[in-house]
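# Structural characterization, general
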Amino acid sequence: MNAPSTMKPFRHVGTRPVRPDGVDKVTGKALYSTDFKAPGMLWGAILRSPHPHARILSIDTKKAEALAGVKAVATGRDLPTLESLVMHVGEGASDIVDVSHNCLALDKVLYEGHAVAAVAAASPEIAREALGLITVEYEELAFVLGLEEALAEGAPVLHDTVFTKGVDPKPDRPSNAAMRVEMGGGDVEGALASAAATVTGRYTLEPVHQGYIEPHACVASWNGDGQAQIWTSSQGHFAVRALTASVLAIPQADIRVTPLEIGGGFGGKTTVYLEPVAMVLSKKSGRPVRLAMTREEVFRATGPAPGAVIDVRLGAAADGTLVAADVEFLYHSGAYTANDAGAGVSSAIGHYRIPNSRVVGIEVLCNRPAAKAYRAPGAPQVNFAVESAMDELAGKLGIDPLELRLKNAAIEGDPQTTGLPWGRIGYVECLEAAKAHPHWSAPLGPNQGRGIAGGYWGNYGGPSTVNVSVAEDGTVTVATGSPDIGGSRASMAIMAAEVLDIPYEQVRAVVADTASIGVSMVTGGSRTTFATGMATVQAAEEVKRLLCERAARMWGVISDQVEWRSGEVICLDGEKQGQAMSAAAIAGRSFHSGGPIAAVAALSAKGWLPGFGVHICDTEVDPETGHVKIVRYTAVQDVGIAIHPDYVEGQIQGGAAQGIGWALNEAYIYGKDGKLDNAGFLDYRMPVASDLPMIEAVIVEVPNPSHPYGVKGVGEVPIVPPLAAVANAIHAAAGVRLKDLPMAPDRVYAALHPEG
Amino acid sequence: MPSTAYHAPGTVEDAVALLAADPTARPLGGGTDLIVQMRAGRLSPGAVIDLKRIGGMSGVHRAGDAFAIGAATPCTALKADAALSAAWPGVVEAANLIGSVQVRNRATMAGNLCNASPAADSVPALVAAGAVCVIAGPSGQREVPVEAIPVSPGKTSLAPGEFVVEIRFPPKPAGGGDAYLRSTPRTEMDIAVVGAGVSIVLDGEGICTAARIALGAVGPTVVLVEDAAAALVGSKLDDDALAAMSQAVQAASNPIDDKRGTVSYRKAMAGVLARRAVLIAASRAGAKA
Ligand SMILES: Cc1cc2nc3c(=O)[nH]c(=O)nc-3n(C[C@H](O)[C@H](O)[C@H](O)COP(=O)(O)OP(=O)(O)OC[C@H]3O[C@@H](n4cnc5c(N)ncnc54)[C@H](O)[C@@H]3O)c2cc1C
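Chain B carries the name Xanthine dehydrogenase family protein subunit M in an unreviewed UniProt entry, which gives Novosphingobium album as its organism.

If you check an unreviewed UniProt entry, chain A appears there as Xanthine dehydrogenase family protein molybdopterin-binding subunit from Novosphingobium album.

## A word on the overall build of chain A
Counting secondary structure elements, chain A contains 21 helices and 28 strands. For a compact globule of 756 residues, the expected C-alpha radius of gyration is about 27 Å, and chain A comes in at 27 Å, within 12% of that figure. Here the C-alpha coordinates of chain A stretch approximately 90 × 75 × 50 Å along the principal axes. Every one of the 756 residues in chain A was classed for burial, and the buried ones make up 62%. For chain A, the exposed surface amounts to about 27000 Å²; the carbon and sulfur share of it is 52%. Side-chain charges of chain A comprise 61 positive and 82 negative groups, with the mean position of each set lying 4 Å from the other.

## A few points about the packing of helix α11 (residues 379–397) of chain A against helix α12 (residues 401–408) of chain A
Residues and elements named next belong to chain A. Contact geometry of α11 with α12 gives a least axis separation of 9 Å together with a crossing angle of 110 degrees. Classed by the angle they form, the pair α11 and α12 counts as roughly perpendicular. Judged by residue contacts, Glu387, Met390, Asp391, Leu393, Ala394 and Leu397 of α11 engage Pro401, Leu404 and Arg405 from α12.

## Considering the pattern of salt bridges
All names here are of chain A. Tallied over the full model, the rule gives 60 salt bridges over all chains. The shortest N-O distance in the salt bridge between Asp326 and Arg358 comes to 2.5 Å. Taken together, the residues Asp326 in strand β16 (residues 322–334) and Arg358 in strand β17 (residues 356–365) connect sequence positions 32 residues apart. Judged by its relative accessible area of 9%, Asp326 is buried. A salt bridge links Arg353 to Asp414; the shortest N-O distance between them is 3.1 Å.

## A look at the state of the cysteines
Here a disulfide denotes one covalent bond, and it connects the sulfur atoms of two cysteines. On inspection of all chains with the given rule, the structure shows 0 disulfides over all chains. Here Cys548 of chain A stays unpaired: no disulfide links it, and the sulfur of Cys571 of chain A, its closest cysteine neighbor, is 11 Å away.

## Some thoughts on the interface of chain B and chain A
Size of an interface: often given as the accessible area lost when the parts come together. Between chain B and chain A, the residue contacts involve 19 residues of the former and 23 residues of the latter. With both sides pooled, the region where chain B packs onto chain A buries about 1900 Å², and carbon together with sulfur makes up 51% of that total. Along the contact surface separating chain B from chain A lie 7 salt bridges. Between Arg260 of chain B and Asp683 of chain A there is a salt bridge, with its nearest N and O atoms 2.6 Å apart. For the pair chain B and chain A, the interface holds 14 residue pairs in polar contact (both at pLDDT 80 or more).

## Examining the site of the ligand
Residues and elements named next belong to chain B. Neighbouring residues of the ligand: 30 residues in total, closest Pro27, Thr32, Asp33, Thr108 and Asp121. Between an oxygen atom of the ligand and a main-chain N or O atom of Pro27, the distance comes to 2.5 Å. One of the backbone nitrogen or oxygen atoms of Gly29 is found 2.8 Å away from an oxygen atom of the ligand. Surface burial for the ligand is 91%, taken as the share of its 970 Å² of free accessible area covered by protein chains. Ranked by the residues each element gives to the shell around the ligand, the list is headed by helix α7 (residues 109–114), at 4 residues. Both domains that meet at the shell around the ligand, namely domain 1 (60–169) and domain 2 (176–285), each give it at least three residues.

## Points about the confidence of the model for chain A
Per-residue pLDDT for chain A averages 96, and the proportion of residues at 70 or more is 99%. Low pLDDT, under 50, characterises residues 1–5 of chain A; the stretch is placed with 15 contacts to residues that sit more than four places away or in other chains.

## Focus on the sheet that holds strand β10 (residues 163–168) of chain B
Residue and element names in this part refer to chain B. The 5 strands lie next to each other as β4-β5-β10-β6-β7, forming an open sheet whose pairing is antiparallel. Looking at strand neighbours, the two that pair on one side only are β4 (60–63) and β7 (140–145), the edges of this open sheet. Strand-to-strand twist of the sheet, defined as the mean angle between neighbouring strand axes without regard to direction, takes the value 25 degrees. Packing of helix α1 (residues 12–21) onto the sheet brings it into contact with β6 (132–137) and β10, and relative to β10 it is tilted by some 135 degrees.

## A short note on helix α20 (residues 722–734) of chain A
Working note: α-helix, 3.6 residues per turn, so residues spaced by three or four point in the same direction. All names here are of chain A. Here α20 contains 13 residues, and its C-alpha end-to-end distance of 18 Å stays within 8% of the 18 Å for a straight helix at 1.5 Å per residue. Extensive coverage of α20 is indicated by the burial of 10 of its 13 residues. The set of residues buried in α20 consists of Pro722, Leu723, Ala724, Ala725, Val726, Ala727, Asn728, Ala729, Ile730 and Ala733. Immediately beyond the C-terminal end of α20, within one or two residues, lies Gly735, with a positive phi of roughly 75 degrees.

## Concerning the side chain of Ser234 of chain A
Residue and element names in this part refer to chain A. Tracing the backbone through its elements, the reader meets Ser234 in the loop between β12 (228–232) and α7 (237–248). At 3.0 Å, the side chain of Ser234 forms a polar contact with the backbone nitrogen of Gly236. Within the structure, the side chain of Ser234 is placed 3.4 Å from the backbone nitrogen of His237, a separation counted as a polar contact. Not counting the four nearest positions on each side in its chain, Ser234 is found in contact with Val240, Ile262, Lys269 and Pro483.

## Quick word on the packing of aromatic side chains
Throughout the structure, instances matching the rule amount to 17 aromatic pairs over all chains. Here Tyr749 of chain A and Tyr265 of chain B contribute two aromatic rings whose centre-to-centre distance is 5.4 Å and whose plane-to-plane angle is 70 degrees, an arrangement assigned as edge-to-face. Of this pair, Tyr749 of chain A sits in helix α21 (residues 745–752) while Tyr265 of chain B sits in helix α11 (residues 263–288), on two different chains. Exposure remark for Tyr749 of chain A: the relative accessible area of 12% places this residue in the buried category. Three or more aromatic residues link up through ring pairs in this structure, and these residues are Tyr352, Trp422, Tyr427, Tyr456 and Phe612 of chain A. In this structure, Lys172 of chain B is placed above the aromatic ring of Trp88 of chain B, and the distance from its NZ or CZ to the ring centre is 5.8 Å.

## A closer look at the pairing of strand β18 (residues 448–457) of chain A
Strand residues, when the strand is regular, have side chains that alternate between the two faces of the sheet. Residue and element names in this part refer to chain A. Of all the 10 residues making up β18, 9 are buried; the element is thus mostly covered by neighbouring parts of the structure. Strand direction decides the pairing type here: β18 and strand β26 (residues 611–621), joined by 10 bridges, are antiparallel. If you follow Gly449 over to β26, its bridge partner there is Thr619.

## Remarks on the environment of Asp33 of chain B
All names here are of chain B. Note on placement: Asp33 falls in the loop between β2 (26–28) and α2 (34–39). For the pair Asp33 and Asp258, spaced 225 residues apart in sequence, the C-alpha to C-alpha distance is 21 Å. Excluding anything up to four places from it in sequence, Asp33 contacts Gly111 and Asn115.

## Examining the UniProt feature "domain: Aldehyde oxidase/xanthine dehydrogenase a/b hammerhead" (unreviewed entry) in chain A
Following the UniProt record, one finds the feature "domain: Aldehyde oxidase/xanthine dehydrogenase a/b hammerhead" (unreviewed entry) at residues 27–142 of chain A. A helix fraction of 19% and a strand fraction of 34% characterise residues 27–142 of chain A, whose end C-alpha atoms lie 51 Å from each other.

## A word on unusual backbone geometry
Negative phi characterises most residues that are not glycine, and trans characterises most peptide bonds. Along the chain, Asp168 of chain A connects to Pro169 of chain A via a cis peptide bond; the corresponding omega equals 0 degrees. Mapping Pro169 of chain A onto the fold places it in the loop between α5 (147–151) and β9 (177–185). That bond from Leu741 of chain A to Pro742 of chain A is cis: its omega, 0 degrees, falls within 30 degrees of zero. In this structure, Pro742 of chain A sits in the loop between α20 and α21. Unlike most non-glycine residues, Ala116 of chain B shows phi in positive territory, near 60 degrees. Along the chain, Ala116 of chain B turns up in the loop between α7 and α8 (122–129).

## Side note on the domain arrangement of chain A
All names here are of chain A. When the domains of chain A are assigned, the result is domain 1 (38–377), domain 2 (434–450 + 609–752) and domain 3 (462–605). Computed over C-alpha atoms only, the centres of domain 1 and domain 2 are separated by 26 Å. Of the residues lining the interface, 34 residues belong to domain 1; the matching set on domain 2 comes to 32 residues. Of the roughly 2700 Å² buried between domain 1 and domain 2, counting both surfaces, carbon and sulfur atoms make up 57%. For the pair domain 1 and domain 2, the number of links is 0 salt bridges.

## Topic: the packing of α7 of chain A against helix α8 (residues 275–285) of chain A
All names here are of chain A. Where α7 contacts α8, the two axes come as close as 9 Å, and the packing angle between them is 55 degrees. Between α7 and α8, the interaxial angle falls into the category oblique. Considering only the axes of α7 and α8, their crossing is right-handed. Of the residues in α8, those in contact with Val240, Thr244, Val247 and Leu248 of α7 are Glu275, Pro276, Met279 and Val280. Class assignment of the residues belonging to the contact of α7 with α8 gives a composition of 6 nonpolar, 1 polar and 1 charged.

What counts, and at which threshold
- Residues numbered from 1 in each chain as written.
- Chains lettered and ligands numbered in written order.
- Predicted model: local features only at pLDDT ≥ 70, side-chain atom pairs only at ≥ 80, totals over all residues.
- Heavy atoms only, no water.
- Helix = DSSP H or I, 4+ residues; strand = E, 2+ residues; numbered from the N terminus.
- Rg over C-alpha atoms; globule rule 2.2 N^0.38 Å.
- Buried < 20%, exposed > 50% of the residue type's maximum accessible area, 1.4 Å probe, protein only.
- Areas by Shrake-Rupley, 256 points an atom, 1.4 Å probe, with all protein chains shown as cover.
- Lys, Arg positive; Asp, Glu negative; His and termini not counted.
- Charge placed at Lys NZ, Arg CZ, Asp CG, Glu CD.
- Axes fitted to C-alpha atoms, helices over the stretch in contact; angles between N-to-C directions.
- Parallel < 35°, antiparallel > 145°, perpendicular 65-115°, else oblique.
- Contact = heavy atoms within 4.5 Å.
- Salt bridge = Lys/Arg side-chain N within 4 Å of Asp/Glu carboxyl O.
- Disulfide = S-S within 2.5 Å.
- Buried area = accessible area lost by both parts, 1.4 Å probe.
- Polar contact = N/O pair within 3.5 Å; in protein donor to acceptor, adjacent residues only side chain to side chain.
- Near = heavy atom within 4 Å.
- Domains from an automatic or database assignment.
- pLDDT = per-residue confidence, 0-100.
- Pairing = 2+ DSSP bridges.
- Expected span 1.5 Å × (residues − 1).
- Phe/Tyr/Trp six-rings, centres within 6.5 Å; stacked < 30°, edge-to-face > 60°.
- Lys NZ or Arg CZ within 6 Å of the ring centre and 35° of its normal.
- UniProt positions renumbered as here; feature names shortened; annotations may be inferred.
- Left-handed = near helix turned anticlockwise from the far one by under 90°.
- Nonpolar A, V, L, I, M, F, W, Y, C, P; charged D, E, K, R; others polar.

As structure tokens, this is what we get:
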């Protein structure tokens, strides 16, 4: 792989052109999930469990089937019986049996909102009416929502098939501890005992929602010949295809999934909830079927990010050198095993050099919707605990919190928690940039305080396929299999234009359906600009080579005698020496010189590097009411190289905004009856625009040597530091350390007024 | 399928007749509560009677010092009326805390009141101001104080066929000032955890001669706290008087524990917000005294 050249200035990389999908989106023409209609389409609806935990004794659908206008009714019995198989398709991994039972419950419902039956009818009204005619007989079971409660002796066990993974020997009884992951090494207890300063704390977080604006929705059409089409909005249409085919036990190539525009996902659209059900309804009715969730269904039945209980102990020498860290956390897994504790473990303390460490993560099953990925899944929770503890440690040692971080910051070659050495990471560069930023030394007003926190996310590479083709007029189409969530069409066009050295507007990027491009992993893990970008560069390089070859053939010289220069082929030798041939001239004759010019790159991208961020937050705390105002916020991040800085800044700002919401007000609130009490955006309080100041994004560029243009990942890192940055700022402003999220006004007030 | 008829009568009499004809019929103001509740399936009226086409139903009317606000006037229009904003800034601010700009371009104070939510933002301010409702019904018109309209969450004292035609304010007293404050976790698009409306009159010496203090979200309906007002009257709003007022407010608060706030937090905030609102009202009263 080419090392990024800092010598050669880029022509396109680092510019801010308008995104090719922009006009459609701002004019409302873009097709999002519920904009799509198929001829003869039916309207589906799903009946959901009113109980948090119950055995399904019987389901009577006869009355619903008899209702005029109802064309199909489905239950879990309509899905095939499957063998257990863990599939790694999204961020994290799921057992296909769990995916199936989550789409339509079979014998038990595991959370309030769990799907138990579905109908397809001639209108949404009839579909809803039909739901009311389905009778489900339940035997209610004891339920459990809390982490420690779920692990307690005598707690209701959700699955009698789950024996804690990662424990050797295998436990002799099933339990709600779905999996346990441990990393680290050295003598933690010894180092803590001899440390000059130690801090200890227990931190708790509630589950939170990804907060995408567009609810899940799809249309499925399954023909008698076995072939099917699905139109859906997701973070990965290949993942939809793979999961749907597996749940239905049919060949993947029989399903063509067309990606519609996506109105936000943030990790929450990396699985299937509706598609297999819509398929079954379509097969039964012989018609295309739309299923769309309401906002309430999204809250009750799709995956939140896990809540957590985290215990942290840190120890340092008198000069601030960290000597030991002990971190143990419980994460909600919800109704099914999320296989995700590992990400939390490896995201806990790796940003510091700590010779003695032990990090343990346990995933806990409970009667909540199955946890799903949310932007840097598993990292913000544990980072909140560790970075709060770092702040406390700085206070104890009398060392500036930024200096304490700088002193211990991991650099290239230092071991990660896994033991493997870090590559070319940029944590120190981010800390230095934060220190140099005017925000860090700006004066503060009354009741104001400043907090800082650092964090990271591993990022990812993985499989992507890209097709770069040249039209007869020399313009270029880049087709990828990666849904565009944060501006990736623009970034792909920039990278292809950079390789070919042609104007950006001559390259158009599209997202192709599963039948039109090769397999590509989900847009998630901050992988798309890195991995799909690598495939784009590789395919564009091949197109460049083909153009040179064709020009050489047309000139009657050998390929070595031509060179690509400024978007044209130049003849270096012979009688045509010095002549130039444009892409248009070559492509215009391509049908006669060997055929159309196109190249596919299908690769599994390696060499990804983690991203690091440092956030500075100023809060003002109202001492009488506990209200916390974010008065200034600066987010510094190493992104490798910013291909399109606008969209990089947008990612950083968006992540910070979501992290601030998580810190201050967001939480799923369950009643004593085990039912969700705030299934909507009124009482699930994400920040509104007026809650936030302008979030200043500061881009630090420490290029990734393994990517042709130096890309690392961007999208997930910025949600990691805000939780602790806000908590640390509240501590600085008001002198109280809040260890339980969200830090809503009543919680802050209670901390400020312990007398009540 | 249950269906809902839509009527847009042109006169008060027609509206009364339509409402009287169907006990499930509902008046429609801005619809920012009604339509939302219908969509959520919580309400399925046989008819909605749109009040916006009735002459005089939209707009701020002024007779001398006294203002009357048509029931279908959106909150944004209140803010646009300079004289009303100068006379009753607390009421205008309260109405313009509702939702967002888009919501307030539709939402009305009459709808806010008749939706009968204990947390309705404009209601404590209206009660503090001493506003009254003009009600039209099958047996003619009557006037009742604003605080007499809500009887419990979601329920009003309006009889079948009745609706609010306008909200009237008493003449603004010399040396009078009002204010409304609410506590919400977010800055906007939120429901009051506590709301406090205050209207006071100061004489030339700065002595409080009259006061009305009303609270939202601390009981099933808006609470007019006479003890709190009494604690201020005769004082120069010194610390002792303010502390006594806050205590009376807390004592009168009887909130519930729910997802939006705890009992103890709501009580504490009622005291804090009432005191802050008194000070704002006083600065407004002083400015004009
Ligand atoms: C996003 C959003 C945010 C909101 N934020 C707030 C907030 O911050 N604070 C707050 O207090 N409210 C809030 N609300 C609720 C709502 O906007 C207010 O209560 C608003 O004032 C209702 O007025 P309306 O004219 O839209 O009422 P409508 O929806 O038209 O009517 C409400 C009820 O009153 C009845 N009604 C209407 N007019 C009359 C009349 N003249 N006589 C008798 N009955 C009548 C209707 O039949 C209905 O039952 C919010 C709503 C939304 C959707």
